[in-house]
Amino acid sequence: MAKASHLQKSKLSRSFKSDEDRQRRVEKRTTIVTDPGLLDRTSYTNSSVALQHIKKGRATGNQPALWVRSRLQEQLYQLGHVIQAHAGKVLFTGLLLLCSLTIGLKSVTMEDRIDRLWVVEGGRLDKETDYLAKTLGEGAGGVNQMVIQTGGNHRILTPDSLQHHLQVLMRATRVTVQKEDITWQLSDLCYKPSIPQTELQIVQQILDRLFPCALITPLDCFWEGSKLLGPDFPVRVPTGGDGGSRGVSWPTLHPTQLFDEMSEIYPTFPLDQFKEFMKEAGITSGYQEKPCLNPQDPDCPDTAPNKNETTGPDIGAELTGGCSSFATRYMRWPEELIVGGVSKTKSGTILDAGALQSVVQLMGPRDMLDYWANTYKVHTLRWSLETAEEILHEFQHKFQMEVERQLKEEEKEQKYEFHSYSSLGLETLMETFSSLSVTNVIIGYAIMLVYAGITLYRWGDRVRSHAGLGIAGVFLVMVNVAAGMGLSALTGIVFNASSTQIVPFLALGLGVDSLFLLIHTFSLQTEMNINCKDQVGEVLRKSGVSVMTTHLCNVGAFLAASIIPIPAMRSFCFQAAILISLNLVSMLILLPAMIALDVRRVFSNKYDMFCCVGTKKSDAAEVVNNNKNETKAARRQRDEEAWTGSRAGENGSTKDLISDGEDGMLKGKSCSEKLTLTRFAGNYYAKLITKTPVKVLTFLIFVALLGASAWGINRLEEGLDISDIVPKNTSVWSFLEAEDKYFGFYNMYAVTQENFEYPENQQIIYDYHNSFVRVQNIIKDDNGGLPDFWLSLFRNWLVRLQTAFDKDFAAGYINEEQWRPEASDDGIMAYKLLVQTGHVDFPVDKTLIGRTRLVTNGIINPQGFYNYLTAWYSNDAMAYSFSQASIVPTPKTWFSDRNDHNLRIPKAKPIRFAQIPFLLKNLGSTDAIVSTIQEVREICARFEERGLPNFPSGIPFTFWEQYVGLRTYLLLSLGASLATVFMVVSLIMMSPWAAVLMTFVIGCLVGQLFGALGILGIKLSAVPAVIIILSIGLGVEFTIHILVAFVGSIGSRERRTAMALEQMFAPVLHGAVSTLLGVLMLAFSQFDFIVRYFFLVLLTLILLGLFNGLVFFPVLLVILGPPASLVPTQNEEVLPPLTPEPLPVRFKARPPKITKLDSKSAGGGTAGRGPRRHNSDLSLSTIAEETHSHHSTSSAGSYASSADGRDVGHPASSSVNGTSVFLEPHITVETSTVPQSSSSSSSGSLSGQVTKVTATAKFKLEVHTPVHEPAGSRPSSRSRSRRSSSASSSAPTDPLRSSADSSLASSLSSDGGFSEK
């Protein structure tokens, strides 16, 4: 039995060895590597295979990263299978959903107000602005229509210059607006000084028509300034008796003389009140005593100081210290407001100047609405805030057009330049600036379509060309952009200039980046033996993780950046995050559906762009391609020891196989093949970038960039001048340039709020007002102090009344009970005020006469404060108007009448809002404005601590306060974005060091862009800040793909860098070029601001991104790159194909039947045993592991014996990954009986006999796999299609072969890397 057993083992061994040698020889002839990426880019191609290599001990690596990536790849692979099976349904449903989201574009809310673009949401300024809007109403405040005159090469301080100034203003202020047959002129729209109300209608009408608009102009220093005040038609003043009337206008009006004459004509009229009012307001001689610009003018009044002189006045001396209008006390214009760019003598007299400025003060829409409401003039109009805005807009437009028209008329003899501007005009300009240019969008997207079609079209292989797929993908990105903008609108995100000028083009560039990567992967994959049904799944398995990582990093970065509360930046970040999220869905679902449709075209042998036209079998191009691919396949089998040697030999053969394949691709290419970006990157650029001199040069350039960036950051200024956002060579731009150069003038208000006892805390308000005298840029009066404000004017009026009362009381004209006819009007009014108690229940107490005063030690009597306020508001209207207090609630109306003995005066409501006006000068730079803002804010904070609720208001605070904390917000946002990128990369790649390198490069890119802003002279504001945040997203695009490919490759750092560049150079470069083309149309914008602040900055960002992503980052990876995710144990550069794990036995053998030897057999002949069936524990995988064969699968077999020596075979089969193993054992058993030569016998044998058993075992083994041709060696797409859907040609009738699911054909390629026949 021992001998028989030995013989049986020997024959079995020889049989196995013979079959193994035969199988090895077959393998040497027919082994095909379907996806070389499984050998040298194992973890990138299929991380599950990498994990199995680690499990078998062939390699080590970052198992957590491989596990995460394998799970993601498996899900993406399954997603691709589902999409490919239902491509049409998926594409139709996805496009339908995207198109439905575009409906949201109808709900777009556009914010074109500059102040709302960067007022911090929820911040201090936002709350203050909301408080103003709620208290005063939307559109409250005044509107300034300004004109600046510059001299060019001519002196501007001459009579001729001012005469031109007068002529321009005369014509511009006489324009009219027609609104539904109602004429509106300047006098209907401007602010006028308030005058006392009277019951004398004739006097009231004369004063209403005679009192002019408030014009701030240097002409007020001269008699000619009266011509601006009009009126155009003289006011008729009755002269009494038969004298009729005479016409009165400001050029001839002497106010004091006029009222004296009227007092004589109408002695019964109470005109003393008006005379006192005029005296207090400084209305005396009007313009009659001012010098004339032309002393020889016949209309120049005789009272003019230079009447009939031969020379004009000294313009500089007259302008020194400022000018006064007809009311010298309240209408005094500071020198800094009307003349700019001055040079003075040592005594302070103006010698020369650069510009003159005039300001026409118009009512704001809200004030105009309230002023004309319930009047006859608008009774036929649909009077509303919108109507008032339309009238003001049209008037300002005509005003500006008239100024420009006059300049054109005098173009030949033009000595001076005039520039007009209005705040409402700026808003209109910003509305135009914020509107989307449909033409630019169409042209930009058309350029992208052409680029995609040209770069993806293969002129030498029209079947494997993908231009149609690229164009369809660009259209998909377009729909995605529209859907993202619509979704943003539906979610309530407010659009602004960045939404219309940046997002559409930038989203196109970012979307097309992933498009090129996926199409590039698909294009390379068509040259591999991957089954038709697995094409989309494999594309997503390989590139889907990179696409997903890129989008997640960008979404996370933009969401993190949205912590900045500046609306323009926050809206941009939210919109970008939404667009990128939708783009991720489109790239992973809808584009794969398009690829699935293109797969059908390719495998049906149809031309690109002409799907109805296909090739024939005899197509010359296909034949040439087949010959090339056969050459590649032959070269890959050169080494006879490729897969059968030792471990080292095996690895070396694998390396040779890959290198031979690459050599075949390069050396075997025909002359007709062009040098593609992929070949350029692999054969030239990758080799160049890893050379030591190039690495040294790259680091030197990088250090130089950092040094230049540091220098640029030091030069970087904060600010955004309004002139920067206005198109050049326009009147508005010219005005703003002159304003910043010569004046830098702005209005400012110190606002006090409610929840404060004004009567009891008057001293705090005085201290608050006086504290602003320390602010250097606030214009002071002639005494170096601040002008009076509402509370001081209120007090002064009460002091004047108290003085009159004391005089009348001392004279006996007034006592505790009444007043006599001799008492003055002011004394009587003071009497009425003194008896006010301030209590509603007993409002009047005459016993207060003599015991109380209106003002004590500079403090108004607190008990009667609000009663006094009512009287002051109505009876000293001009002072109240001059104060610009805008007290809310508006005090009640009450007029004093000496004949009215009702002593009750209505009490005003407690003050909830009051403001103190200031004029700011020399604010031509952002630094000066920010410094002033900080000074004012410190004062406000100090008095806030003292219990006075207050805040500053005005254009400087609205537009420039963002710069106080802009850098802090920006750095915080950048830090959050970089941290988000670091976390996302660390979690997905499970490699902190890789995340550190990538974050470092992106951070350097941000720093370089910061420096570039300073070098280019672009100021830091909310707009460049948005692009700086965007640089993180683009930096991710430039680096993540190369990093993923680098970590997913095998070999040294140099080799992995070269492989990463070979694989990702083309997609990254295409992405950069596509982004550049996406923003190219911005270069042709009519707004220089868009060109400089958007296009130029984005162009710089793309160039810096290309350097950092494709030059510096690869060099950094060569030196400090993270380890590969998979490292072979013997430090090989490639891994052998993976042998699958043995499967469990699928066929259980039945228990053997033992047949006893019949003792009655004739002559003791041979006794046959019944056939035995044994379970086989041998598997092809076990054999393969011992012999290092290419690939096998587990199997189970059985054998049987026959007493008569017949071969008995019971075939068994097993299948894994689409590969079928057919095992048929042939066992011959010979028995012979000989006389017993030993006393020992086995149980059950006949006495005296020995049975000799000789067994010979032969196994017939067939391995059937779906046929895969070598890379690129398929005869034609049509033949491949037939093969993929039919049984193996080598065994057409084999049931196992015919039952193999062709859909699993690529599974072996993905898991093992080769197929065998």
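In what follows, the structure referred to is the one given above.
Residues numbered from 1 in each chain as written. Predicted model: local features only at pLDDT ≥ 70, side-chain atom pairs only at ≥ 80, totals over all residues. Heavy atoms only, no water.

K.L.:
So what exactly am I meant to see when it comes to the nonpolar core here?
P.N.:
It is characteristic of soluble globular proteins that their nonpolar side chains tend to be buried jointly. By size, the foremost hydrophobic cluster in this structure holds 319 residues, and its most contacted members are Trp184, Phe772, Trp790 and Phe794. Ranked by residues supplied to this core, first place goes to helix H25 (residues 567-603) with 20 residues. When near neighbours in sequence (up to four residues on either side) are disregarded, phenylalanine 772 contacts Met748, Ala750, Ile778, Leu786, Phe918, Val936 and Ile939. (Core = buried A, V, L, I, M, F, W, Y, C linked by side-chain atoms within 4.5 Å. Buried < 20%, exposed > 50% of the residue type's maximum accessible area, 1.4 Å probe, protein only. Helix = DSSP H or I, 4+ residues; strand = E, 2+ residues; numbered from the N terminus. Contact = heavy atoms within 4.5 Å.)

K.L.:
I'm lost on helix H39 (residues 992-1016) in this one. Help?
P.N.:
Each α-helix winds once per 3.6 residues, and so residues spaced three or four apart point in a common direction. For H39, spanning 25 residues, the distance from its first C-alpha to its last is 36 Å, which sits close to the expected 36 Å at 1.5 Å a residue. Phi for glycine 1017, located one or two positions after H39, is positive at around 75°. (Expected span 1.5 Å × (residues − 1).)

K.L.:
Sorry if this is basic, but what is going on with the state of the cysteines here?
P.N.:
Where two cysteines share a covalent bond between their sulfur atoms, that bond is called a disulfide. A complete count under the given rule lists three disulfides for this structure. Cysteine 190 shares a disulfide with cysteine 213; S-S distance 1.8 Å. Judged by the sign of its S-S torsion, about -70°, the bond between cysteine 190 and cysteine 213 is left-handed. Linking cysteine 190 in the loop between helix H10 (186-189) and helix H11 (201-210) with cysteine 213 in the loop between H11 and strand S6 (215-216), this pair joins segments that are 23 residues apart in sequence. Assigned by exposure class, cysteine 190 and cysteine 213 land together as buried. (Disulfide = S-S within 2.5 Å.)

K.L.:
Please explain the environment of glutamine 1130 as it appears in this structure.
P.N.:
Examined against the element boundaries, glutamine 1130 turns out to sit in the loop between strand S23 (1126-1128) and helix H43 (1180-1187). In sequence terms glutamine 1130 and alanine 59 are 1071 residues apart; their C-alpha atoms lie 7.9 Å from each other.

K.L.:
Mind showing me how you'd approach the pairing of strand S15 (residues 417-422) here?
P.N.:
Where a strand is regular, its side chains alternate between the two sheet faces. Summarising burial for S15: five of the six residues are buried, a large majority. In this sheet, S15 lies alongside strand S3 (residues 142-150) in antiparallel orientation, the contact comprising six bridges. By the bridge assignment for S15, threonine 150 is matched with glutamate 417. (Pairing = 2+ DSSP bridges.)

K.L.:
Where do I start with the packing of aromatic side chains in this structure?
P.N.:
Describing an aromatic ring pair means giving the distance of the ring centres and the angle of the ring planes. Here the structure, examined in full by the defined rule, presents 33 aromatic pairs. For the pair phenylalanine 699 and phenylalanine 1112, a centre-to-centre distance of 5.6 Å together with 75° between the ring planes defines the contact as edge-to-face. Here phenylalanine 699 is found in helix H29 (residues 692-715), whereas its partner phenylalanine 1112 is found in helix H42 (residues 1088-1120), with 413 residues between them in sequence. On the basis of relative accessibility, which here comes to 1%, the residue phenylalanine 1112 falls in the buried class. Here the aromatic rings of tyrosine 766 and phenylalanine 789 are separated by 5.9 Å at their centres, their planes lie at 80°, and the arrangement is edge-to-face. Highlighted residues: tyrosine 766 in helix H31 (residues 762-771) and phenylalanine 789 in the loop between H31 and helix H32 (790-811), separated in sequence by 23 residues. Relative accessible area serves as the criterion here: at 7%, tyrosine 766 is assigned to the buried category. Assessed through its relative accessible area of 2%, phenylalanine 789 is described here as buried. Here the aromatic residues Phe794, Phe865, Tyr866, Trp872, Tyr873 and Tyr880 are joined through ring pairs into a cluster of three or more. Above the plane of the ring of tyrosine 77 lies arginine 541, whose end atom (NZ or CZ) is 4.0 Å from the centre. (Phe/Tyr/Trp six-rings, centres within 6.5 Å; stacked < 30°, edge-to-face > 60°. Lys NZ or Arg CZ within 6 Å of the ring centre and 35° of its normal.)

K.L.:
Got a minute to help me understand unusual backbone geometry in this structure?
P.N.:
Excluding glycine, residues mostly carry a negative phi; peptide bonds, for their part, are mostly trans. Residue proline 889 is reached from valine 888 by a cis peptide bond, and omega for that bond is 0°. Here proline 889 lies in the loop between helix H35 (877-883) and strand S21 (913-920).

K.L.:
How should I be thinking about helix H33 (residues 825-834) in this particular structure?
P.N.:
In terms of burial, H33 is largely enclosed, as nine of its 10 residues are buried. Within the sequence span of H33, burial applies to Asp826, Gly827, Ile828, Met829, Ala830, Tyr831, Lys832, Leu833 and Leu834.

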